[in-house]
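# Structural overview
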Amino acid sequence: MRSAIDAQFARYAARRVGLLVVSLLGVSVVTFGIVNVLPGDVALLILGNRASPERLEALRQSLGLNRPIWIRYLDWLGGVLTGDMGESLRFGDPVARLIVQRLPASAFLAGAAVVIAVTVAIPLGVVAGQARNTWKDFTTSVVAFTGISLPDFFWGLVLILVFAEFFSVLPPSGYVNPAVDPIGGLRHVALPALSLGFALMAHLTRMTRSSLIEELRAGYVRLARSKGVSERDIVYRHALRNAFLPVLTVIGLQIGFLFSGIVIIEQVFAYPGLGRLAFQALLNRDTTLIQGSVLTIATVFMLSNLIVDLLYAVLDPRVQTGGGA
Amino acid sequence: MSNEPAYTRRRSDESTASAGTPPDDRLLTVSDLTTVFHTEEGIVNAVDGVDFHLDRGEILGLVGESGAGKSATARSVLRLIDDPGEIVGGRVDFEGTDVRSLSDEGLREFRASNTGMVFQDPTTTLNPTMTVGRQVAEAVQTARGLSRSAAKREAVDLLDRVGIPDAAARANDYPHEFSGGQKQRVIVAIAIASEPDLLVADEPTTALDVTIQAQILELLDDLREDLGMSILFITHDLGVVREICDRVAVMYAGSVVESGPAESLFSDPRHPYTKGLLASINSVDDGTGPADRDRLNVIEGQMPDLTGTTDACKYADRCPGATEECREAHPDLEPVPTDPGRSVACYRHEHVGEMAYEYDHESRSLSWQTDRADGRGDAGDEPVVETEGLVKHFDTSGPIERFLGDPEPVRAVDGIDIEIDAGSTVGLVGESGCGKSTAARALLRLIEPTDGSVTYRETDVTAAGSDELRSLRRDLQIVFQDPQSSLNPRRTVRQIVRRPMDLHGIGSQGDRADRVAELIDAVGLDTSHLERYPHELSGGQQQRVGIARALAVNPEVIVLDEPVSGLDVSVQAQILNLLADLQEELDLVYLLISHDLSVVEHVCDRVAVMYLGQIVEHGPTEAVFDPPYHPYTESLLSAIPGLEQNEERIVLEGNVPDPSNVPSGCRFHPRCPRKIGEVCEREDPTDHAVDGETIGCHLMREEYADEVDWGSVD
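Scoring rules and cut-offs
Residues numbered from 1 in each chain as written. Chains lettered and ligands numbered in written order. Predicted model: local features only at pLDDT ≥ 70, side-chain atom pairs only at ≥ 80, totals over all residues. Heavy atoms only, no water. Domains from an automatic or database assignment. Contact = heavy atoms within 4.5 Å. Buried area = accessible area lost by both parts, 1.4 Å probe. Salt bridge = Lys/Arg side-chain N within 4 Å of Asp/Glu carboxyl O. Polar contact = N/O pair within 3.5 Å; in protein donor to acceptor, adjacent residues only side chain to side chain. Helix = DSSP H or I, 4+ residues; strand = E, 2+ residues; numbered from the N terminus. Nonpolar A, V, L, I, M, F, W, Y, C, P; charged D, E, K, R; others polar. Patch = residues over 30% accessible without salt bridge, like charges linked within 9 Å, V, L, I, M, F, W, Y side chains within 5 Å. Areas by Shrake-Rupley, 256 points an atom, 1.4 Å probe, with all protein chains shown as cover. UniProt positions renumbered as here; feature names shortened; annotations may be inferred. Axes fitted to C-alpha atoms, helices over the stretch in contact; angles between N-to-C directions. Parallel < 35°, antiparallel > 145°, perpendicular 65-115°, else oblique. Expected span 1.5 Å × (residues − 1). Buried < 20%, exposed > 50% of the residue type's maximum accessible area, 1.4 Å probe, protein only. Arc of directions from axis to C-beta.

## A word on the domain arrangement of chain B
Often, the extent of an interface is quoted as the loss of accessible area on bringing the components together. All names here are of chain B. Once the domains are mapped, chain B shows domain 1 (23-114 + 194-353), domain 2 (120-193) and domain 3 (617-713). Here domain 1 and domain 3 have C-alpha centroids that lie 37 Å from each other. If you look at the interface, domain 1 gives 15 residues, while domain 3 gives 15 residues. Between domain 1 and domain 3 the total buried area reaches about 1,200 Å² when both faces are included, carbon and sulfur atoms providing 60% of it.

Rendered as structure tokens:
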């Protein structure tokens, strides 16, 4: 029976990975297409307005801009698959290297934000869900609602004001590699991660609360009561695992929003991550860098959703036998 | 919170309530139990001063229609009432312990070691993310404090005991890997884990097929004997009660109206409500064939709303024998003077014999429908609807599976022939999963058939283009099983009934308005219902709206997909009468899909019995049912609870097999109680004409005819 289930899981995982590959191809087409049909001549951008038409034409020729778009796409895609995303028009450095330099900082920031959000949100949501319609529930709801309503950069400003300016306990900006200096790394990531994770935390708290309330009404909870299981075990052993499933889905989807949050938060905290890189690339019309960062962000988003889907299948035994699409 | 009962009632004498049995046999005494639900509409008196008792080893049936307060009563006994419900009065005495006064921990221990409960819907009652072994082991642990490994071993024993094959391996499976009947067995295993004194079974077989129901009832009865436990058995099905219960308490609108030993209560009901219920069922059971197919005896109206207070007998409005006296206060449940084992809550219980339920059929005018109805009666000898080799296969595989190889499709409908004559009703019966609903949908082309043809009055339905199909929809309509989900919740009744006429452009605006009024009258509703939304109607009223909607385009053929299976007995009878009236008036043709053989037997001219996508037996109703020749038909009939007492029951093992992997030869052979031998596994049986019907079974072949023990078939 066990091996049958494992085989089923492998099939399910294979299907999800196949879907991921197809989706990534789609993303690459869209990214490349949008960046390349945007108005603005790359050659003009590089050489400036006063360049002579001959020089512009020569540069286009050497950059291969005169070739049909689909040839350029395949060329680019081939490069991406071998780890070559071209060179940044602005910095002259290979795009891949720029991204590899910046990605760990952003991943650390996003990971920290998710960890903070989940560890706070689940217990809070459980307390609120269990103590429905009491002051505890009410307080949690108000805090959560405020958290969702205000944008993350606002929390960034508040946190800088309180912890960096007023108490001077945490640095207001910068980044230290946690692999080199763990304490310094954590100190630097604390404020941006908190401001980034606050909205997610609020969202997850509300989700956990409503999901738990729903599960506590389910038939299996009544059965558990009828067999004499304590209320504590009913919540933690029975209801919470089921209540966590929809929360997990939300986490997966929210990671996408987290990355748009990162673009702004990294500006606010002068944090040298991928978001800042993408933002600069956008300002500079650095097309190769834009393509590279967007594709990277999309890949990270899809990978995290893949992980969530697989985790979901582990937590919910019904998923794999669902068959079909 | 007021602890006062909601109506004026006299206290019943405590001493008389326990008359009849020696007190040491008494396990549970419930007195004046009152449970309310706080809702936005006000306080609902779901359990309104209920008295009953249960002796050791006894099965007490708590019967009544939905909304009578049976489940709320059962849950109140275990204090399993959820918010916004609240037990506000009365006493639940379990061997001298007052359950209502137990502390939280005391209550937990009471539930863990003294009681067990089985619930109605097995699919939502087990935790989907926990293996069944752990769920059973948990019950063992709470009851007996065993170690985890010992509890796990014990759980496997329990699963084995309730009849889960290969229990040790299956204990590691999750609930979704079990069939409905097996899930209910797992829940029974959990309920008996503590070897409880009291088992509360809340509609334990309602969600199951009749064959599976028979298995579960047998299991419960065996366990009762082995463990010496008492069962509080909640059901709306009087057949089940008659089958399994020693004593019965009949509930109506939150109160027990009559209680007593099952046998005498059924043979000699003392409360007019009990009498009416029995009458509506018996008349379904009695009638066979069109000759004696009279209208059913029905209790008109519906159960009163339980909000607020009552100052009359709750049944007075529907009672054929109510007098002035009945309108003063609700009567107490009191022992019957001539029969101390029985109690009844009726001022006029001595006159129950004279009270009669009659059904007056008043012809309602659907004048505009007759122009199309003319000439329907005589279609010559040709059937009005005919299917030939109708097939519907579902391909459930995804692109990857298809790439890996050609998978077996789900053979939901696998070549069926049905003929329906003008003005007649054909029944299609079988267990759930046999493909009967799919067949009906394919017949109407609500889903595209894979193969075969459907003909309606010389029009090929399967070949019709979209325009032709549109006009065919006027003639071919359907009424769905669940009226609640088939009526648009955001439209009023008026809009729902009118919409088909708008879509088909029938009549002028004014005509349509008139016709809506006529239709709503024809289905027994009145104009006050027109502006309501579906959720404001009862289940029976919703089904009436569904019928009115189907009639709106003036069809000739109506497919009735389990039209009464979601409804209470008394409402069922009302709807069946309505359908019979409409058929008579408009010469309608019905295809009735049902799992309820007694309804089919009462309503249908011809019956087709379906198993795993094929028709195994068909013919005139009397010929098919009396006597049943095909072993499957025989088993289905035999599984109906409570019809005949003391008859040897055939309990079919297992479930309907997976239709994507059908057995070789005769599809029924793995479950067949009369399997001859290898021939059944090898050869697909051909159809044999016997006694005016057609049967697909090897037993009908001459060389095997001797194998049939016709004596047992009678």
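## Description of the interface of chain A and chain B
Facing the 27 residues of chain A at the interface are 32 residues of chain B. Of the roughly 2,700 Å² buried where chain A meets chain B, counting both sides, 54% is carbon and sulfur surface. Summed over the three residues of chain A that lose the most area to chain B, namely Arg222(A), Leu223(A) and Lys227(A), the buried surface amounts to 25% of that side. For Arg225(A), the salt bridge is made with Asp82(B), and the minimal N-O distance between the two is 3.5 Å. One can count 12 residue pairs in polar contact (both at pLDDT 80 or more) joining chain A with chain B. Contributing elements (two or more residues each) for the side of chain A that touches chain B: helix H1 (2-37), helix H9 (219-226), helix H10 (231-268) and helix H13 (318-321) of chain A. Of the residues that constitute the side of chain A that touches chain B, the class distribution is 8 nonpolar, 8 polar and 11 charged.

## Let's talk about a nonpolar patch on the surface
Residues and elements named next belong to chain A. On the surface, a cluster of nonpolar side chains totalling about 920 Å² of accessible area is made up of Phe 153, Phe 154, Leu 157, Val 158, Leu 161, Val 162, Phe 166, Phe 167, Val 169 and Ile 264. No other element matches helix H7 (residues 152-166), which puts 7 residues into the nonpolar patch. Secondary-structure assignment places Leu 157 in helix H7.

## Some remarks on the UniProt feature "domain: ABC transmembrane type-1" (unreviewed entry) in chain A
Here, UniProt's "domain: ABC transmembrane type-1" (unreviewed entry) annotation points to residues 103-312 of chain A. When the span residues 103-312 of chain A is considered, its composition is 83% helix and 0% strand, and the gap between its end C-alpha atoms is 26 Å.

## Quick notes on the UniProt feature "domain: ABC transporter" (unreviewed entry) in chain B
In the numbering used here, UniProt assigns the "domain: ABC transporter" (unreviewed entry) feature to residues 28-278 and 385-637 of chain B. Counting secondary structure, residues 28-278 of chain B comes out at 41% helix and 28% strand; the distance between its end C-alpha atoms is 28 Å.

## Section: the packing of H10(A) against helix H12 (residues 287-315) of chain A
All names here are of chain A. As a packed pair, H10 and H12 sit with axes 9 Å apart at the nearest point and diverge in direction by 175°. Compared by their axis directions, H10 and H12 come out roughly antiparallel. The segment H10 lies against H12, with Arg 241, Phe 244, Leu 245, Leu 248, Thr 249, Gly 252, Leu 253, Ile 255, Gly 256 and Phe 259 engaging Ile 297, Val 300, Phe 301, Ser 304, Asn 305, Val 308, Leu 311, Tyr 312, Val 314 and Leu 315. The residue makeup of the contact of H10 with H12, split by class, is 14 nonpolar, 5 polar and 1 charged.

## Quick notes on helix H4 (residues 69-81) of chain A
All names here are of chain A. For H4, with 13 residues, the first-to-last C-alpha span of 18 Å sits near the 18 Å given by 1.5 Å per residue. Listed in full, the buried residues belonging to H4 are Arg 72, Tyr 73, Trp 76, Leu 77, Gly 79 and Val 80. For H4, the buried positions fall inside an angular range of 160° around the axis, keeping them on one side. Of the exposed residues in H4, those oriented more than 90 degrees away from the buried face are Trp 70 and Leu 81. Immediately beyond the C-terminal end of H4, within one or two residues, lies Gly 83, with a positive phi of roughly 85°.

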